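Listed below, chain by chain, are the residues.
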Amino acid sequence: MRITRRGFLKGATASAVLSGAHVLGLASRASAAEGASGAVLVLVNLAGGNDLLNTVVPLDDVGAPQRTRYQQLRPDLAVPLSSLGAMTVDDDPVLGTGLALHPSLTGLKQLYGEGRVALVLGAGIAGGSLSHFEAEKVWFFGRPDVLTDDSGWVGRQLDLVPDGLPHAVSFGGVVSPVFGSHLADALGVGSIASFGVSGPPARTAALHDLLAEARNGLFERVARSGRILIDQAEFLPSVASTGWGSSLEAEESGPGRALREIASLLRHDLLHPGAASGFGFYHVRIAGYDTHSRQGVLDTTRGHPQLLFDLSRWLHGFQQDLDAIGAADRVVTLVYSEFGRRAAQNASGSDAGTDHGTGGLMLLLGDRVVGGVHGAMPRLDQLDAGGNLAVTTDFRRVYAALIDDFLGGDQTAVLPGAPFAKLPLIQPA
Amino acid sequence: LPASDILDERDAMHLLRRAGFGASPRERARFVGLSRAEAVDALLAVKPSAARGPASSVLDTRSLRRLQLWWLRRMLSPRYRLQEKMALFWHDHFPSEAGVVGDQGALAEQNALFRLHGLGSFRTLVHQVTRNRAMLDYLDGVRSRVDEINENYARELMELFTLGPRDEDGFDNYTQQDVVELARALTGFTYDRSLKKSSVYLDPLRFDAGTKQLFASRPFGVSGVLGVEHEDGTPFPPETNVLDALFAHRDTQGRPTLARFLVRKLWAWFATPEAGEALVDELSAAFVASDYEIAALLRALLLHDAFYGEEARRSTTKNPVEFATQALLALGVKGSLKELADRIARMGMDLFAPPGVEGWQHGSAWLATSRYLARIEFAHLLASGWSKSGFKLKLKLPVDATPVSLVDGALAQLDLEVSDATRERLIAYLADGGFGSESWLQTRYPGLFVLLLGLPEFQVH
């Protein structure tokens, strides 16, 4: 049994839907919602607040006493110079201080060397909250002025071209608020491979019919979720998500599997343009970055170094997959976190961690990205009264660049307060 | 008594779904005809219990599933209802993640706290949670001491557990400096890691005995050597006790911040996502008047006309525990329930493993595509009669059964209200497939219950 996904989702009567023969044909699904020329944006959220200073580490005192202050602030957490020899990236564009990636980020360092990684230092928003939940909302919603608005910045982009089809997928089950939208649906998916409905076909058909009944209010919203899931349960497991040579083949769960499945969907879309998924936006949440204690320095089997090690491995594998399937020129990955961490450590010895802080890191990855160091590292000799880093780069300057220069959209239609001065992060197609 | 004060079938089920985990048809009949007060008092009349999970030998296994199933079985029992509903609320409100805490004994101990104090004094509960082993570990209280202040618990205590970040007019309830000052006052709690049972105490060498100022610029601000309890366990007096200071917090209109914060959250948990101003005024006044007795607040809430109003009916998405327990109780499912905890986890509610310190996201988040799918897959499992999964669903087929009688009976059993068109479709489904034949009995008839549990109407209560 095949159903017309478009017709079903739009709420056509189920009998009409089911009488449609073999029609998964959604040739025109690559609509403007996905941006110009099939651009795909993958968002990777480091939930909890990633530590800028131990991800991009100051090496010397050029321009300001960055290394000296770093070691003073973090006697038990400073990444030692001896471990950073092979990890050097470009100097801080403002101060000229030498910088290096954490030694566990070898895969990212390689991609950096290929000019495919942009590091945006000191990213955040002036006066930003140190509450996870308030700060997250500001990043998800792309606006600092509301606390209850339920539309995400990507959701508003999707709302501009409503076509009744889902174009965004959140991995991890819950739909990220970044896709919060008034008109467009987003999927929450654990794994595409296991996304199937059991039971005999007659039962599934009856469920179709029941979900397609006219309803109001909350019931209609639930029914719509149900229609989408039945539709996707036909499609998602049909996409080959293993066995095609992915670098992430062995990832059995979590963000690694999610990134493999995203690559699998992109591969499917390239191989079967007539039955493409229609997905232009993906979100992957990686938890664990709230490193209040036992943050660690070098040991990649625990703490922050382990988080970075896994992140680098997954992103490198994902980029290799994109190269292999020929999608590297259409995908940009944005890695972001709701805030950074306090400059000083909060305890000594192995208990040492860092509390919530300002001035974080955004990282962009892809062939279309202008590689190198952007923004500016906050000065460690000029912390604010609470011991926090200055925010040197408004994160909306990155969103603006992605919307205008990558998605082919218009930042003023999506970001309140726009236009923002775009950072030069995206190369012309 | 006015007629409206007497519970009819529909009122009784509304109360039992919200203040409990649903009920079997027989159990619900016991509530029909009671007055609201009789019914609510019956739900509240449950003894505080220190029950804290299966034997510790069981907890030593690395799997959480036994502990989860132990708790789910209590939820399914008609003896506890509101006690376990509140334990679940408190677990969501004061979460600890197994992935962070690791020690299942500590998690079970925290869970027992919610059972022991969950209907008692909120002052006591906040104090007990503050000195609880799992919480001290989860939010780093045990690692916060005079020379090394860790802000984690202090921030979440105000933001998520008692006050909220700002009041209803948008003013900050506290400053970053208040987070630091509160964190200093909360230093010193520690426990003996070699002991299995709770052994939390205040170590004076780790406690910051310096002068602090909390809410310095506000009329209710306090200063001095602020803290929570002394070395011998006696609490600080109200003038210097930072927990009392949280209760004394007033918003910019002079209203009790903590009471209003908790009332809103409990109203969303039991009734509807949004509470009106007058309702919050009224319920928070009751809460304050009782000196923060949770049972007093719940009584006022569950007896309120607005709780029984049409706006509160079928207005909120069931969480996965509610979805599963209501289905099991209504259908009279027996068996070991072996897979129940795992199935509920797939629906998004892995007990003792909430997604973060904010607990679970409620409302439409429960019906994200994969989670809704997990509900339908659970229904398939119930209906499959596959005994290995631990669910025994016995379907009755009276001799004079017709598709109409079976559909109407199942709708009533599951406490479902559906449109005529939906009912007709269900009848047509059941009439098809060789009514009464062996294959009909094996697949078509059980399928009815999959459809019913998959209906949008069953996801909402």
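What you are looking at is a predicted structure, and each value in this text was computed from that prediction instead of being measured.

Engineer: Just give me the short version of the sheet that holds strand β2 (residues 56-58) of chain A, but keep the residues and values in it.
Structural biologist: Ordered by their spatial adjacency, 3 strands build an open sheet running β2-β4-β3 (chain A), and the pairing between neighbours is antiparallel. Looking at which strands have only one partner, the edges of the open sheet turn out to be β2 and β3 (88-89) of chain A.

Engineer: I'd like a rundown of the interface of chain A and chain B, residues and numbers included.
Structural biologist: On the chain B side, the residues contacting the 49 residues of chain A number 51 residues. Buried area between chain A and chain B, summed over both chains or domains, comes out near 4100 Å², and the portion from carbon and sulfur atoms is 59%. By the criterion of area lost to chain B, the three top residues of chain A are F133(A), R203(A) and F219(A), representing 16% of everything that side buries. The interface formed by chain A and chain B includes 6 salt bridges. Between R166(B) and E134(A) there is a salt bridge, with the nearest N and O atoms lying 2.4 Å from each other. Counting across the interface, chain A meets chain B through 19 residue pairs in polar contact (both at pLDDT 80 or more). Going through the elements one at a time, α5 (132-141), β7 (186-189), α7 (201-211) and α8 (217-235) of chain A are the ones with two or more residues in the side of chain A that touches chain B. If you tally residues by element for the side of chain A that touches chain B, the top one is α8(A), at 8 residues. Within the side of chain A that touches chain B, the residues separate by chemical class into 22 nonpolar, 16 polar and 11 charged.

Engineer: Run through the environment of L183(A), naming residues and quoting values.
Structural biologist: All names here are of chain A. Its place among the elements puts L183 in the loop between β6 (168-171) and β7. Owing to a relative accessible area of 52%, L183 belongs among the exposed residues under this scheme. Note: C-alpha distance between L183 and P144 (39 residues apart in sequence) is 22 Å. Setting aside chain neighbours within four positions, we find L183 in contact with D159 and P162.

Parameters and conventions
Each residue is numbered by its place in its chain's sequence as written, counting from 1. Numbering of ligands from 1 and lettering of chains from A proceed in the order in which they are written. Thresholds applied to this predicted model are a pLDDT of at least 70 for local features of residues and 80 or more for the giving and counting of side-chain atom pairs; totals over whole chains, interfaces and linings are not thresholded and use all residues. Excluded from the side-chain calculation are hydrogens and water; included are all heavy atoms of the structure. We treat two strands as partners when DSSP finds at least two bridges between them. The helix count covers DSSP runs of H or I at least four residues long, the strand count covers runs of E at least two residues long, and both are numbered beginning at the N terminus. Whether two residues are in contact is decided by their heavy atoms: any pair within 4.5 Å suffices. Joining two parts hides part of their accessible area as seen by a 1.4 Å probe, and the buried area is that hidden amount summed over both. Put simply, a salt bridge is a Lys or Arg side-chain nitrogen that is within 4 Å of an Asp or Glu carboxyl oxygen. Polar contacts, as counted here, are pairs of nitrogen or oxygen atoms within 3.5 Å of one another; within protein the pair requires one atom able to donate a hydrogen and one able to accept it, and residues that are adjacent in sequence qualify only if both atoms are side-chain atoms. Residue polarity is assigned by list, with Asp, Glu, Lys and Arg as charged and Ala, Val, Leu, Ile, Met, Phe, Trp, Tyr, Cys and Pro as nonpolar; anything else, Gly included, falls into the polar class. In this scheme, a residue with accessible area under 20% of its type's maximum is buried, one over 50% is exposed, and one in between is partly exposed, where area comes from a 1.4 Å probe on protein chains only.

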